[in-house]
Amino acid sequence: MNEFLLELLARLKKAASKEQIKKDIQSLGKFYVDIVGRLPKGKTQQQLKRLMPDLQRLMLK
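My aim in this report is to walk through the structure given alongside it, one point at a time. (Residues numbered from 1 in each chain as written. Predicted model: local features only at pLDDT ≥ 70, side-chain atom pairs only at ≥ 80, totals over all residues. Heavy atoms only, no water.)

**Quick notes on the overall build of the chain**
The test is simple: Strands here mean DSSP runs of E at least two residues long; helices mean DSSP runs of H or I at least four residues long; both are numbered from the N terminus. Only C-alpha atoms enter the radius of gyration, while the globule expectation follows 2.2 Å times N to the 0.38, with N the number of residues. In this description, accessible areas are obtained by the Shrake-Rupley approach with a 1.4 Å probe, and a residue is regarded as covered only by the protein chains that are shown. Lys and Arg are tallied as positive, Asp and Glu as negative. Neither His nor the chain termini are counted. Note on charges: their place is set at NZ of Lys, CZ of Arg, CG of Asp or CD of Glu.
Tallying secondary structure elements over the chain gives 2 helices and 0 strands in all. For the chain, whose C-alpha radius of gyration is 19 Å, the value lies well above the compact-globule estimate of 10 Å for 61 residues. Dimensions of the chain, computed from C-alpha atoms along their principal axes, come out at roughly 55 × 25 × 20 Å. Taken as a whole, the chain presents about 6800 Å² of accessible surface, with 61% of it coming from carbon and sulfur. Taking the average place of the 14 positive charges on the side chains of the chain and the average place of its 6 negative ones, the gap between the two points comes to 11 Å.

Here is the structure:
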């Protein structure tokens, strides 16, 4: 029983922490990170095409 309560409390605190992090990020406003470097063009384009939906989802949350 105690393990169940501990797990339940941990999950609730985790959810509250995630919510607080989201609020903190929103309070920062919009910001951008410049990425500078040399990458193999072909591989980079393929990787970006695969990652783009995930990146867009992150920006919309």
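**Here we look at the pattern of salt bridges**
How we decide: Take a side-chain nitrogen of Lys or Arg and a carboxyl oxygen of Asp or Glu: if they are within 4 Å of each other, that pair is a salt bridge.
In total, this model carries 1 salt bridge according to the counting rule given. Glu 7 serves as the salt-bridge partner of Arg 11, at 3.0 Å between the closest nitrogen and oxygen. Of this pair, Arg 11 and Glu 7 both sit in helix α1 (residues 2-28), separated by 4 residues, roughly a single helical turn.

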